[in-house]
Amino acid sequence: MGAKATFFVVGCQAVKDPDIVQRIAAEGHQVGNHSYDHADLHSLTSAQAMADLEKNDALLRELLGEGEYWVRPPYGLMTEAEAAALSVPQIRSKTVSIDRSAQDTEDWRTKDSGKILDVIYRCTGDGDIVLLHDRYQNTVDAVLTAIEHLQQQGYVFVTVAELLEIKGIAPQAGETYRRAE
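Everything numeric here is computed off the predicted structure, so don't read it as measured data. Residue positions are given per chain, counted from 1 along the sequence in the order it is written. Local features in this predicted model are restricted to residues whose pLDDT is 70 or higher, and side-chain atom pairs enter the listing and the counts only when it is 80 or higher, whereas totals over whole chains, interfaces and linings include all residues. Side-chain measures were taken over the full set of non-hydrogen atoms in the model, leaving aside hydrogen atoms and water.

(A) Broad picture of the overall build of the chain. When helices and strands are counted, the chain shows eight helices and four strands. In the chain, the succession of helices and strands from N to C terminus is β-α-α-β-α-α-β-α-α-α-α-β. What the globule rule says is 2.2 Å times the number of residues to the power 0.38, and the radius of gyration is computed from C-alpha atoms. In terms of overall dimensions, the chain is globule-like: its C-alpha atoms have a radius of gyration of 16 Å, near the 16 Å expected for 181 residues. C-alpha extents for the chain along the principal axes are approximately 45 × 35 × 35 Å. Scored against the burial criterion, the 181 residues of the chain give a buried share of 44%. Pairs at least 24 apart in sequence give 65% of the contacts found in the chain among residues at least 6 apart. Per-residue and other accessible areas were derived by the Shrake-Rupley procedure at a 1.4 Å probe size, with only the shown protein chains allowed to occlude residues. Only carbon and sulfur atoms are counted for the fraction: they give 49% of the accessible area of the chain, which is about 9600 Å². Residues counted as positive are Lys and Arg, residues counted as negative are Asp and Glu, and His and the chain ends are not counted. Charge coordinates come from a single atom per side chain, which is NZ of Lys, CZ of Arg, CG of Asp or CD of Glu. Looking at charge distribution, the chain has the averaged site of its 17 positive side-chain charges lying 5 Å from that of its 28 negative ones. In DSSP terms, a helix is any run of H or I states spanning at least four residues, a strand is any run of E spanning at least two, and both are numbered starting from the N terminus. Burial here depends on accessible area, computed with a 1.4 Å probe over protein chains only, as a share of the maximum for the residue type. Under 20% is buried, over 50% is exposed, and the range in between is partly exposed. We call two residues contacting when some pair of their heavy atoms lies within 4.5 Å.

(B) Structural context of the packing of helix 6 (residues 113-123) against helix 7 (residues 137-152). Axis lines are fitted through C-alpha atoms, for helices just across the contact stretch, and the angle between N-to-C directions can take any value from 0 to 180 degrees. One way to put it is that helix 6 packs onto helix 7 with a least axis distance of 9 Å and a crossing angle of 35 degrees. Both helix 6 and helix 7 take part in a crossing whose hand is right-handed. For the pair formed by helix 6 and helix 7, the contact residues are Ser 113, Ile 116, Leu 117, Ile 120 and Tyr 121 on the first element and Asn 138, Thr 139, Asp 141, Ala 142, Thr 145, Ala 146, His 149 and Leu 150 on the second. For the contact of helix 6 with helix 7, a count of residues per class yields seven nonpolar, five polar and one charged. The sense of a crossing depends on the near helix, which, turned anticlockwise from the far helix by less than a right angle, makes the crossing left-handed and, turned clockwise, makes it right-handed. Only Asp, Glu, Lys and Arg are considered charged in this grouping, and only Ala, Val, Leu, Ile, Met, Phe, Trp, Tyr, Cys and Pro are considered nonpolar; every other residue, Gly among them, is considered polar.

(C) Quick look at the side chain of Ser 35. Considering the arrangement of structural elements, one finds Ser 35 in the loop between strand 2 (30-33) and helix 3 (46-64). For Ser 35, the side chain forms a polar contact with the main-chain nitrogen of His 38, separated by 2.9 Å. As used in this structure description, the phrase polar contact means that two N or O atoms lie within 3.5 Å; if the pair is within protein, one of them must be able to donate a hydrogen and the other to accept it, and residues adjacent in sequence are counted only when both atoms belong to side chains. A distance of 3.4 Å separates a polar atom in the side chain of Ser 35 from a polar atom in the side chain of Asp 52. The residues contacting Ser 35, other than those within four sequence positions of it, are Val 9, Val 10, Gly 11, Asp 52, Leu 53, Asn 56 and Pro 74.

(D) Layout of the environment of Gln 137. Positionally, Gln 137 belongs in helix 7. Taking the C-alpha atoms as reference, Gln 137 lies 8.9 Å from Ser 113; in sequence the two are 24 residues apart. At 2.8 Å, the side chain of Gln 137 and the side chain of Asp 141 are in polar contact.

(E) Quick peek at the side chain of Arg 72. Relative to the elements of secondary structure, Arg 72 occurs in the loop between helix 3 and helix 4 (80-85). For Arg 72, a relative accessible area of 11% puts it in the buried group. Residue contacts for Arg 72: discarding those within four places in its chain leaves Phe 8, Asn 33, His 34, Ile 91, Leu 131 and His 133.

(F) Seen up close, the packing of aromatic side chains. For Phe, Tyr and Trp, rings pair up if their centres lie within 6.5 Å, where Trp contributes its six-membered ring, and each pair is then called stacked (planes under 30 degrees apart), edge-to-face (over 60) or tilted (otherwise). Taken as a whole, this structure holds zero aromatic pairs when the rule is applied. The criterion is that NZ of a Lys, or CZ of an Arg, lies within 6 Å of the ring centre and within 35 degrees of the ring normal, and then a charge sits over that ring. Lying over the aromatic face of Tyr 36, Lys 55 brings its terminal NZ or CZ to 4.1 Å of the ring centre.

(G) Broad picture of the confidence of the model for the chain. Here the chain averages 87 in pLDDT, and 90% of its residues register 70 or above. When the criterion is pLDDT under 50, residues 94-102 qualifies, and its contacts beyond four places in sequence or with other chains add up to 22 contacts. Every residue carries a pLDDT, the predictor's confidence in it, which falls somewhere between 0 and 100.

(H) Spotlight on the nonpolar core. We define a nonpolar core as any set of buried Ala, Val, Leu, Ile, Met, Phe, Trp, Tyr and Cys residues linked to one another through side-chain atoms lying within 4.5 Å. Counting residues in each nonpolar core, the largest one holds 19 residues, and the members touching the most others are Leu 53, Trp 70, Met 78, Ile 91 and Leu 164. Secondary structure elements with two or more residues in this core: helix 3 and helix 8 (160-166). If you look at the next biggest cluster of nonpolar residues, it comprises ten residues, including Val 21, Leu 59, Leu 60 and Leu 63.

Here it is as structure tokens:
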């Protein structure tokens, strides 16, 4: 398959199985920061939200070494001030639900491979960032099917950083990217 992806990891899960995080990086995938506790950062104080992200960033540096661990906030929520304070880019998928044909497959809600595939096939286009969760077997099954199908159509799967580079976009700290355009 040769597909690459970006995995935004949750720290409290990563500490339980650090080998998987190291394997993800060793296989050439991009690793990003999805917070330490997966709290709704938008509902925390700015200091609490930034502390949670910094705690996970420190863990990623401990496991993988120095690097830029881009942020995808849990639930896609973060205040503008928090986003502006980031020293790395922020990634979000399009924020429309599965019922309205968007890039957030809501696989965490449906847990239905067929529905996940339907959204991926109907809504994926050049430069899109598709949000999926690797913790559900139905999602993993759907992704493996989708990758093969979409590769046959000429799609190439790359990390978010590679996608932006291919599209000539220089990622900026604190900026939010939903797709490469």
